[in-house]
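Overview (structure and organization)
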Amino acid sequence: MTISYPDMTLHVVKHFKDGHTIMAPCVVSILSPDDYKGLKKAYKEVSEGLSPEIFAPYSDDELKRFLSEDGIVVGVHYKKQIISARSVKISPEWVTEFSEGLGGLDCHANTTAVTGFCAVAGEFRGNNIQFLTQYYMENLLVALGKSMLVTTIAPNNIFSLANVLNCKYCITRIRNAYGGYLRYVLKKDLWHTPHLFPHGHMTIPYHNLAQQKEALDAGYVGYKLIKRTKGMALLFGRRDRSANIIEE
């Protein structure tokens, strides 16, 4: 399957070590197998040294698989350099492998996509490129008939969790994955935006995973990270599946 989607021009700030900056013209596009070397370099720059408790590493074969018909990689080029890349698993086979690795998920493999990794080169951080590539990818997935996007986040990776919740994902499960590491499982409905109602919500301390699991088992979903005087907390609301609604 050949995926065709319009490229997009993007101007972002590039930071230099001496403190000066320039406005750098970039191009957002879908990467091809020919981009493997550049993708591998961009991936290694952000993944090296990270603990598997935070980030599950991908092998060279898996990086190549993202560039095959099983996946998609949205890349941002500045001149010949890939300064950012966001990957996603789209084939039913790969989605099923992911689901089975988490003990099974309530999703349809044909209409579900699973996020991979997101990398941004250090000199280009602070431009919110990760949000732009997220929405570019989501529009592409909708065009391909995908209705659900799934991702996983380590509970102690609060920065990434805040980012995905801001992108309107909801926490639906807490599972062991990637060899026994704990992960939040988050889903985003690409076809509908859940509504919130100001009653019946739960506020649970961020580090109280046992209470969060109880809320999830009772049909609640986590949808917002907030700061309180006693520390960070998560807001949970009850999802009405028939109406695609979350009650806050």
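Below, the structure is looked at part by part. (Residues numbered from 1 in each chain as written. Predicted model: local features only at pLDDT ≥ 70, side-chain atom pairs only at ≥ 80, totals over all residues. Heavy atoms only, no water.)

Topic: the environment of Gly126
To keep things clear, this is the line we draw: For the purposes of this entry, the term helix denotes a DSSP run of H or I that reaches at least four residues, the term strand denotes a run of E that reaches at least two, and both are numbered from the N terminus. The cut-offs for exposure are 20% and 50% of the maximum accessible area for each residue type, with area from a 1.4 Å probe on protein chains only; residues under the lower value are buried, those over the upper are exposed, and the others partly exposed.
Following the sequence through the fold, Gly126 ends up in the loop between β5 (112-120) and α4 (129-143). By relative accessible area, which is 74% here, Gly126 ends up exposed. Measuring from C-alpha to C-alpha, the distance between Gly126 and Tyr43 comes to 18 Å, with 83 residues separating the pair along the chain.

Quick look at the environment of Leu140
Our working definition: In this analysis, two residues are considered to be in contact whenever any of their non-hydrogen atoms come within 4.5 Å of each other.
The topology assignment puts Leu140 in helix α4. Non-local contacts of Leu140, meaning those with residues more than four positions away in its chain, are made with Ile3, Tyr5, Ile30 and Ile72.

Let's talk about the packing of aromatic side chains
The line we're drawing: Side-chain rings of Phe, Tyr and Trp, where Trp is taken by its six-membered ring, are said to pair if the distance between their centres is within 6.5 Å; with planes under 30 degrees apart they count as stacked, over 60 as edge-to-face, and otherwise as tilted. Both a distance and an angle decide whether a charge sits over a ring: NZ of Lys or CZ of Arg must be within 6 Å of the ring centre and within 35 degrees of the ring normal.
Following the criterion strictly, the structure yields nine aromatic pairs and no others. Note on Tyr5 and Tyr136: the rings are 5.4 Å apart at their centroids and 90 degrees apart in plane angle, and the pair reads as edge-to-face. Placement of Tyr5 in the segment before β1 (8-15) and of Tyr136 in helix α4 is noted, with a sequence separation of 131 residues between them. A relative accessible area of 27% places Tyr5 in the partly exposed class. The exposure class assigned to Tyr136 is buried, which follows from its relative accessible area of 7%. An angle of 80 degrees between the planes, with centres 5.2 Å apart, marks the rings of Tyr58 and Phe66 as edge-to-face. Pair check on accessibility: Tyr58 and Phe66 agree, each one buried. The positively charged end of Lys64 is found above the aromatic ring belonging to Tyr36, 5.1 Å away from the centroid.

Interpretation note: all reported values are geometric properties and have no functional meaning in isolation.
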